[in-house]
Amino acid sequence: MARRCPLTGKGVQTGNNVSHANNRTRRRFLPNLRPHRLYSETLGESIRLRISTHGLRTVEQRGGLDGFLLDARDVDLTSGLRRLKRRIASARSAAPVLEAS
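In this text the structure is predicted, and so the values were computed from the model without any measurement.

Q: Explain the overall build of the protein to me, and be specific about the residues and the numbers.
A: When helices and strands are tallied, the protein shows three helices and four strands. Starting at the N terminus and walking to the C terminus, you meet the elements of the protein as β-β-β-β-α-α-α. Taking 101 residues into account, the globule formula puts the C-alpha radius of gyration at 13 Å, and the protein, at 18 Å, lies well above it. Considering only C-alpha atoms, the protein reaches an extent of 70 × 25 × 20 Å along its principal axes. In the protein, which comprises 101 residues, the proportion classed as buried is 28%. The long-range share in the protein, meaning contacts at least 24 apart out of those at least 6 apart in sequence, stands at 36%.

Q: Go over the pattern of salt bridges, please, and point to the residues and values.
A: Across all of its chains, the model carries three salt bridges by this definition. Between Arg87 and Glu45 there is a salt bridge, and its shortest N-O distance comes to 3.1 Å. Highlighted residues: Arg87 in helix α3 (residues 79-94) and Glu45 in strand β4 (residues 45-52), separated in sequence by 42 residues. A salt bridge links Lys85 to Asp74; the nearest nitrogen and oxygen atoms lie 3.0 Å apart. In this pair, Lys85 sits in helix α3 while Asp74 sits in the loop between α2 (64-71) and α3, placing the two residues 11 residues apart along the sequence.

Q: I'd like a rundown of the packing of aromatic side chains, residues and numbers included.
A: A full pass over the atoms with the stated rule returns zero aromatic pairs. Just above the ring of Phe29 sits the side chain of Arg27; from NZ or CZ to the centre is 3.8 Å.

Q: Could you give me a rundown of unusual backbone geometry, with the residues and numbers involved?
A: Within the chain, Asn22 stands out as a residue other than glycine whose phi angle is a positive 65°. Tracing the sequence through the fold places Asn22 in the loop between β1 (13-18) and β2 (24-29). The exposure class assigned to Asn22 is partly exposed, which follows from its relative accessible area of 46%.

Q: So what about the side chain of Lys85? Which residues, and what values?
A: Using a relative accessible area of 14% as the deciding quantity, one classes Lys85 as buried. At 3.0 Å, the side chain of Lys85 forms a polar contact with the side chain of Asp74. Beyond its immediate sequence surroundings of up to four residues, Lys85 is in contact with Leu69, Leu70, Ala72, Arg73, Asp74 and Leu77.

Q: Explain helix α1 (residues 53-61) to me, using residue names and the numbers behind them.
A: It helps to recall that an α-helix has 3.6 residues per turn; residues three or four apart then point in one direction. Considered for burial, the residues of α1 that qualify are Gly55, Thr58 and Val59. The arc enclosing the buried residues of α1, seen along the axis, measures out at 100°, which places them on a common side. Structural note: α1 exposes Arg57, Glu60 and Gln61 on the side pointing more than 90 degrees away from its buried face. Next to the buried residues of α1 lie β3 (33-40), β4 and α2. Phi for Gly63, located one or two positions after α1, is positive at around 90°.

Reading guide: rules and limits
- Residues numbered from 1 in each chain as written.
- Predicted model: local features only at pLDDT ≥ 70, side-chain atom pairs only at ≥ 80, totals over all residues.
- Heavy atoms only, no water.
- Helix = DSSP H or I, 4+ residues; strand = E, 2+ residues; numbered from the N terminus.
- Rg over C-alpha atoms; globule rule 2.2 N^0.38 Å.
- Buried < 20%, exposed > 50% of the residue type's maximum accessible area, 1.4 Å probe, protein only.
- Contact = heavy atoms within 4.5 Å.
- Salt bridge = Lys/Arg side-chain N within 4 Å of Asp/Glu carboxyl O.
- Phe/Tyr/Trp six-rings, centres within 6.5 Å; stacked < 30°, edge-to-face > 60°.
- Lys NZ or Arg CZ within 6 Å of the ring centre and 35° of its normal.
- Polar contact = N/O pair within 3.5 Å; in protein donor to acceptor, adjacent residues only side chain to side chain.
- Arc of directions from axis to C-beta.

In structure tokens form, the structure reads like this:
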């Protein structure tokens, strides 16, 4: 399983552990990935994703999963998320438009 957030693209970074004697040894900084269910209001179902906590905050800021995916470029999304984005877009276009009275 890849250690990369499918929404934001955050991945593993490398660096050094530095001791008090200034000895440097290589280390990996892993992204904070958590399994999470995000609800799609358009589809009416929950989608399970393994996303970073930064990605979760970004999704909430942009108006939920539907808003995030519809605003995102296809190049930045994984193939599974592109498929989900197409499902959301087609469901939105097929939904009847309600006029405010």
